[in-house]
Amino acid sequence: MVKVRIQLPLNISRGIEEILRDHIETGREEYQREIDIVNSQMCGAEGETGPQADIMIGFTPDLAQQTDEYILGHMLSAPGRFPIRKELRDSGFVDPRGCFHTFGIVPFVMFYNPDYTVAAEIPRSWNELLEPQWKGRVIMPGKEHMAPRVIRAVLKQQNPEQARAVDENITCSGMPPNVIEAVKSGKFALGIANITFGRISESQKIKMFWPEDGLLCMPQVIAWSKDLDESMLKLGDFMLSPKVQNFLIQQAFYPAAPAAEPPEILRNNHAVLKWTGWDNFRAAMKSSRS
């Protein structure tokens, strides 16, 4: 029995699970192994250490927090096995150790209600969120969700002298729809969520804006235990297939497959991704655990 754990944003979690189950059912003879899918439906329990499955798909903070020695000792390394878009390679989305394989990227966006916050006031960069005028005026979903886990960790790692401002300026509470409602009502000046919910917010006269330093983001990856037969790598090919990539694009996520075009909303706004590489990302995730 091969255990697959998926840990994905709420808006794609169920859909990807169904797509995977259909694929595995259809390809039973090809895989020749019984495969069990476990849907975490959250970012991982506190205190998890190391991989909790043979194959992990999505957001893997418990694995990213491990040492190089642990990862190389327990995870299958297959550098170059899964090519991704050139601009993503150039931006450092390829794990140099060949263990984390990116199949898509979740961008995070900020949005505001023009009835309560004027356009001239909105921050031009993520770092500006940490300035005193934003104290208590920004909201994200609860800390158990993916967006706040990544954003808070990255902002603190990149701005250690302003780590306290991350906690003071940004309130983490509720689900993404609650964040939208809090900005719509004027209770908070700014909201932060993954781009799918940002796009939904625009139907309620809330506007997204595009920081000059790019969109903080979170790679969605697939990683295999070292004990698995390399035949199971075919699952990675499927994650880069048009069926999965098009599903990600429909949610306004950034596809990784070379032939897949980024969603229209990102192209029209000339959006770029704010990413400083795997080493910095892993350092941020490790710091967030301490």
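Position numbers for residues count from 1 along each chain, tracking the sequence in the order it is written. In view of the model being predicted, local features appear only for residues whose pLDDT reaches at least 70, and side-chain atom pairs are presented and counted only at 80 or more, with totals across whole chains, interfaces and linings using the full set of residues. Water and hydrogen atoms play no part in the side-chain values, which are based on all heavy atoms of the structure.

### Examining the overall build of the protein
Keep this limit in mind: Strands are runs of DSSP state E lasting at least 2 residues, helices are runs of H or I lasting at least 4, and numbering of each runs from the N terminus. As defined in this context, the radius of gyration uses C-alpha atoms, and a globule is described by 2.2 Å times the residue total to the power 0.38. When accessible area is computed with a 1.4 Å probe and restricted to protein chains, residues below 20% of their type maximum are described as buried, those above 50% as exposed, and intermediate ones as partly exposed. Should any heavy atoms of two residues lie within 4.5 Å, those residues are considered in contact. Note that accessible areas follow from Shrake-Rupley with a 1.4 Å probe, and for residues the cover is restricted to the protein chains shown. Positive charges come from Lys and Arg, negative ones from Asp and Glu, while His and the chain ends are left out of the count. To locate a charge, the coordinates of NZ of Lys, CZ of Arg, CG of Asp or CD of Glu are taken.
When helices and strands are counted, the protein shows 13 helices and eleven strands. Compactness check: the protein gives a C-alpha radius of gyration of 19 Å against a globular reference of 19 Å for 290 residues, within 12% of the reference. Expressed as lengths along the three principal axes of its C-alpha atoms, the size of the protein is roughly 60 × 35 × 35 Å. Counting every position in the protein, which comprises 290 residues, the buried fraction comes to 56%. Excluding contacts between residues fewer than 6 apart, the proportion of contacts in the protein whose partners are at least 24 apart in sequence is 78%. A total of about 12,800 Å² of accessible surface is found on the protein, and carbon and sulfur atoms cover 48% of it. Between the averaged position of the 32 positive side-chain charges in the protein and that of its 36 negative side-chain charges there is a distance of 4 Å.

### Details of the nonpolar core
Threshold: In this description, a nonpolar core means a group of buried Ala, Val, Leu, Ile, Met, Phe, Trp, Tyr and Cys residues linked to one another through side-chain atoms lying within 4.5 Å.
In terms of nonpolar packing, the biggest core is built from 100 residues, with Ile55 and Ile57 touching the most fellow members. Those residues in contact with isoleucine 57 that sit more than four places away from it in its chain are Val4, Arg5, Ile6, Gln7, Leu8, Leu20, Phe103, Val221, Ile222, Leu235 and Met239.

### With respect to helix H8 (residues 176–184)
Selection rule: Comment: arc refers to directions from the helix axis out to C-beta atoms.
Looking at H8, one finds that the buried residues are Pro176, Val179, Ile180, Ala182 and Val183. Viewed end-on, H8 has its buried residues packed into an arc of 160 degrees, placing them on one side of the element. The inward-facing, buried residues of H8 abut strand S4 (101–112), strand S5 (138–140), strand S7 (190–194) and helix H9 (195–201). Where H8 terminates, the next one or two residues include glycine 186, which has phi positive at roughly 85 degrees.

### What to know about the packing of helix H6 (residues 146–158) against helix H13 (residues 278–289)
Threshold: Orientation is described by axes fitted as lines to C-alpha atoms, over the contacting stretch for helices, and by angles from 0 to 180 degrees between their N-to-C directions. If an angle is under 35 degrees, it is roughly parallel; if it is over 145, roughly antiparallel; if it lies from 65 to 115, roughly perpendicular; otherwise it is oblique. Three classes are used: nonpolar for Ala, Val, Leu, Ile, Met, Phe, Trp, Tyr, Cys and Pro, charged for Asp, Glu, Lys and Arg, and polar for all others, with Gly counted as polar.
The interhelical angle for the contact between H6 and H13, taken along N-to-C directions, is 105 degrees, at an axis separation of 8 Å. By the angle between their directions, the pair H6 and H13 is classed as roughly perpendicular. Across the interface between the two elements, Val150, Ala153, Val154 and Gln157 of H6 pack against Asn280, Phe281, Ala283, Ala284, Met285 and Ser288 of H13. A class-by-class count of the residues in the contact of H6 with H13 yields seven nonpolar, three polar and no charged.

### Digging into the side chain of serine 125
Counting through the fold element by element, serine 125 comes out in the loop between S4 and S5. Ignoring sequence-local partners within four residues, the contact set of serine 125 consists of Met110, Pro211 and Asp213.

### Regarding the side chain of glutamine 220
Relative to the assigned elements, glutamine 220 resides in strand S9 (residues 215–224). In this structure, glutamine 220 is in contact with Gln7, Leu8, Pro9, Gly58, Phe59, His101, Thr102, Phe103, Gly104, Ile105 and Val106, ignoring residues within four places of it in sequence.

### Considering the packing of helix H1 (residues 10–26) against helix H11 (residues 242–250)
As a reminder, the rule being used: In this scheme the handedness of a crossing depends on how the near helix is turned from the far one: anticlockwise by less than a right angle means left-handed, clockwise means right-handed.
H11 packs onto H1 with a crossing angle of 165 degrees between their chain directions and a minimal axis gap of 11 Å. Taken together, the axes of H1 and H11 lie roughly antiparallel to each other. Read as a crossing pair, H1 and H11 show a hand that is right-handed. Touching Ile12, Gly15, Ile16 and Ile19 of H1 are Lys243, Val244, Phe247 and Leu248, all from H11. For the contact of H1 with H11, the per-class residue count stands at six nonpolar, one polar and one charged.

### Side note on the pairing of strand S3 (residues 55–58)
Selection criterion: Whether two strands pair comes down to DSSP finding at least two bridges between them.
Pairing analysis gives four bridges linking strand S1 (residues 2–7) to S3, with the strands arranged parallel. Counterpart to arginine 5 in the pairing with S3 is methionine 56.

### What to know about the packing of aromatic side chains
Each pair of aromatic rings is reported with the distance of its centres and the angle of its planes. Cut-off, in case you're wondering: Ring pairs shown here join Phe, Tyr and Trp side chains whose ring centres sit within 6.5 Å, with only the six-membered ring taken for Trp; geometry is labelled stacked below 30 degrees between planes, edge-to-face above 60, and tilted in between.
Applying the stated rule across the entire model yields seven aromatic pairs. Ring geometry for phenylalanine 100 and tryptophan 278: centres 5.0 Å apart, planes at 15 degrees, overall stacked. Residue phenylalanine 100 is located in the loop between helix H5 (86–90) and S4, and its partner tryptophan 278 is located in helix H13; the two are separated by 178 residues in the primary sequence. Ring centres 5.4 Å apart and planes at 80 degrees place the aromatic pair tryptophan 275 and tryptophan 278 in the edge-to-face group. Assessed through its relative accessible area of 12%, tryptophan 275 is described here as buried. Tryptophan 278 sits in the buried class, given a relative accessible area of 4%. Through successive ring pairs, a cluster of aromatic residues spans Phe93, Phe100, Trp275, Trp278 and Phe281.

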